[in-house]
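# Fold and contact review
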Amino acid sequence: MSKKYNILILGASYGSLLASKLLMAGHSVSLVCRRDTANLINSEGTRVRMPVKGREGLVEIDSRQLPGQLTAVIPTEVKPEQYDLVCLAMQEPQYSASGVRELMKAIALAKVPCMSIMNMPPLPYLARIPGLDASALRACFHDASVWEHFEPGLMTLCSPDPQAFRPPEEQPNVLQVGLPTNFKVAAFDNPAHTAMLEQMEADITAARLTVNGEALDLPVKLKVHDSIFVPLAKWAMLLTGNYRCVQADGMRAIKDAVHGDIEKSREIYAWVVDLCVQLGASRDDMVPFEKYAAAGQGLLKPSSGARALAAGATDIERIDLLVKLVAEQKDLSNESVNETVKVVNGWLDRNRKAAAAKKAAEAVAA
């Protein structure tokens, strides 16, 4: 029998998708979340619903019915040294929150290998890219000091390609998958840590879920790649679609951002791909534009970042700014990307001023 690993996942929402796949494979998972969510998960488990090719409706994965063991904990309850792998499945600004920040430092000092499942590559991962000055990219992060204690060799990146959301009418332990693609993770520097990922990959591939007596091979696998550039394939998608949902006067669906001017989208996509190639990626690491554009036809809502800005968010992940600054290190620039950064900056400035004004008014009222 293969070794069963103990995995810590920060972020119980999107993190429950990978957790469900690991639990199906017999591994143990701890989800880090708020106290009320932890109590709910420990009482009722998690539910992940996903479409399966050839079947009507959605298939539900109930964590209580899986061979692996699931627990939910709050940040102060975690002992990092008890885990074989830590997965970072929250939005980048969330890691500086009280309690989480202290846990991140403890994880770094315990030297547990970490797999980030963020669109935003952590600074230690960027430091693994030859010729890139990661220290010059600190402005892209909500609080870059969160990453100071992590060793680059102990950090890898997993592209969060599967699309999922919490149905608004459901409790926080429910996640619905909209686009059941694969997680693509880059190898660690340490071959032993990569071998652990490869074992998880094989276990997830072999796992089946029995539904009404039928053993189903569910989508959403973990795919390990030798190249550290494979997860960066998401950059072209994000700059072409997700961030261009943000308009000066409102938001639009990803489909409209991509297909409203398909030639402009093709140009932006190609420029970002070329940037990744200059960093060292192979074109084979990248996703063809046609494949992305076809998938974009089904993305009928604004991106999560756009929705957050529209709701008044004062911080979001800034892959748009990251790509701009990385390009500048290669003496490259793109007018459309620069305009996107300008528009996002405008929304953040307005939201921060509004939040500050509201806070000041509440202080006066008190």
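Residues numbered from 1 in each chain as written. Predicted model: local features only at pLDDT ≥ 70, side-chain atom pairs only at ≥ 80, totals over all residues. Heavy atoms only, no water.

## A few points about the nonpolar core
For clarity, the threshold we go by: In this text, buried Ala, Val, Leu, Ile, Met, Phe, Trp, Tyr and Cys residues form a nonpolar core when linked through side-chain atoms within 4.5 Å. Residue burial is assigned from relative accessible area. The probe radius is 1.4 Å, only protein chains are included, and a residue is buried under 20% of its type maximum, exposed over 50%, and partly exposed in between. Here a helix means four or more residues in a row that DSSP labels H or I, a strand means two or more in a row labelled E, and each is numbered from the N terminus.
Grouped together as the largest cluster of nonpolar side chains are 81 residues, with contacts concentrated most on Leu10, Tyr95, Met104, Leu126, Trp147 and Trp235. Counting residues per element, this core draws most heavily on helix 8 (residues 262-279), which supplies 8 residues. Counting 48 residues, the second-largest nonpolar core is a separate cluster that includes Ile7, Ala12, Leu66 and Val177.

## As for the packing of helix 6 (residues 233-242) against helix 8
The criterion, for reference: Simply put, an axis is a line fit to the C-alpha atoms, just over the touching stretch for a helix, and the angle between two N-to-C directions goes from 0 to 180 degrees. Angle categories: roughly parallel below 35 degrees, roughly antiparallel above 145, roughly perpendicular from 65 to 115, and oblique for all the rest. By definition, any crossing whose near helix is turned counterclockwise from its far helix by less than a right angle is left-handed, and any crossing with a clockwise turn is right-handed. We call two residues contacting when some pair of their heavy atoms lies within 4.5 Å. Lys, Arg, Asp and Glu make up the charged group, whereas Ala, Val, Leu, Ile, Met, Phe, Trp, Tyr, Cys and Pro make up the nonpolar group; the residues left over, Gly among them, are polar.
One way to put it is that helix 6 packs onto helix 8 with a least axis distance of 9 Å and a crossing angle of 150 degrees. As far as their axial angle goes, helix 8 and helix 6 are roughly antiparallel. The two elements helix 6 and helix 8 cross, and the hand of that crossing is right-handed. Across the interface between the two elements, Trp235, Ala236, Met237, Leu239 and Thr240 from helix 6 touch Ser265, Ile268, Tyr269, Val272, Val273, Cys276 and Leu279 from helix 8. Its residues placed into classes, the contact of helix 6 with helix 8 shows 10 nonpolar, 2 polar and no charged.

## Some details on the sheet that holds strand 4 (residues 58-62)
Quick note on the threshold: Note on pairing: two strands pair once DSSP finds at least 2 bridges between them.
One open sheet holds the 4 strands; their spatial order is 4-3-10-9, and the pairing between them is mixed. Every interior strand has two partners, whereas the edge strands, strand 4 and strand 9 (163-165), have only one. Along the sheet, successive strands turn relative to each other by an average axial angle of 25 degrees, direction set aside. Pairing of strand 3 (residues 47-51) with strand 4 involves 5 bridges; the strand directions are antiparallel. From the neighbouring strand, Pro51 faces strand 4, where its bridge partner is Leu58.

## Topic: the pattern of salt bridges
In a structure, side chains of opposite charge can pair up when their charged atoms sit close to one another. We apply this condition: Within this document, salt bridges are pairs made up of a side-chain nitrogen of Lys or Arg and a carboxyl oxygen of Asp or Glu, the two lying within 4 Å of each other.
Overall, the coordinates contain 22 salt bridges when judged by the stated rule. Of the charged contacts, one joins Arg49 and Glu170 as a salt bridge, the two residues approaching to 2.8 Å between their closest N and O atoms. Of this pair, Arg49 sits in strand 3 while Glu170 sits in the loop between strand 9 and strand 10 (174-179); the two residues are 121 residues apart in sequence, bridging distant segments of the chain. Given a relative accessible area of 31%, Glu170 falls into the partly exposed group. If you follow the salt bridges from partner to partner, you end up with Arg47, Arg49, Glu60, Asp62, Arg64 and Glu170 in one network.

## With respect to the packing of aromatic side chains
What counts here: For Phe, Tyr and Trp, where Trp contributes only its six-membered ring, two rings pair if their centres lie within 6.5 Å, and the inter-plane angle classes them as stacked under 30 degrees, edge-to-face over 60, or tilted in between. The criterion for a charge sitting over a ring is simple: Lys NZ or Arg CZ within 6 Å of the ring centre, and within 35 degrees of the ring normal.
Applying the stated rule across the entire model yields 5 aromatic pairs. Where Tyr95 meets Trp147, the ring centres are 5.7 Å apart and the plane angle is 55 degrees; that geometry is what we call tilted. Of this pair, Tyr95 sits in the loop between strand 6 (85-88) and helix 3 (100-110) while Trp147 is found in the loop between helix 4 (123-126) and strand 8 (155-159), placing the two residues 52 residues apart along the sequence. In this pair, the class of Tyr95 matches that of Trp147, namely buried. Geometry around Phe165 places Lys301 over its ring, the cationic atom sitting 5.1 Å from the centre. One residue, Arg350, lies across the ring of Trp347, its end atom 4.9 Å from the ring centre.

## A look at the side chain of Ser30
Put simply, the rule is: Within 3.5 Å is the distance limit for a polar contact, defined as a pair of N or O atoms, with the added protein rule that one can donate a hydrogen and the other accept it, and that residues adjacent in sequence qualify only through two side-chain atoms.
With respect to the helices and strands, the residue Ser30 is situated in strand 2 (residues 28-32). A distance of 2.9 Å separates a polar atom in the side chain of Ser30 from a polar atom in the side chain of Thr71. Contact partners of Ser30, with chain neighbours within four places excluded, come to Ile7, Leu8, Ile9, Thr71 and Tyr83.

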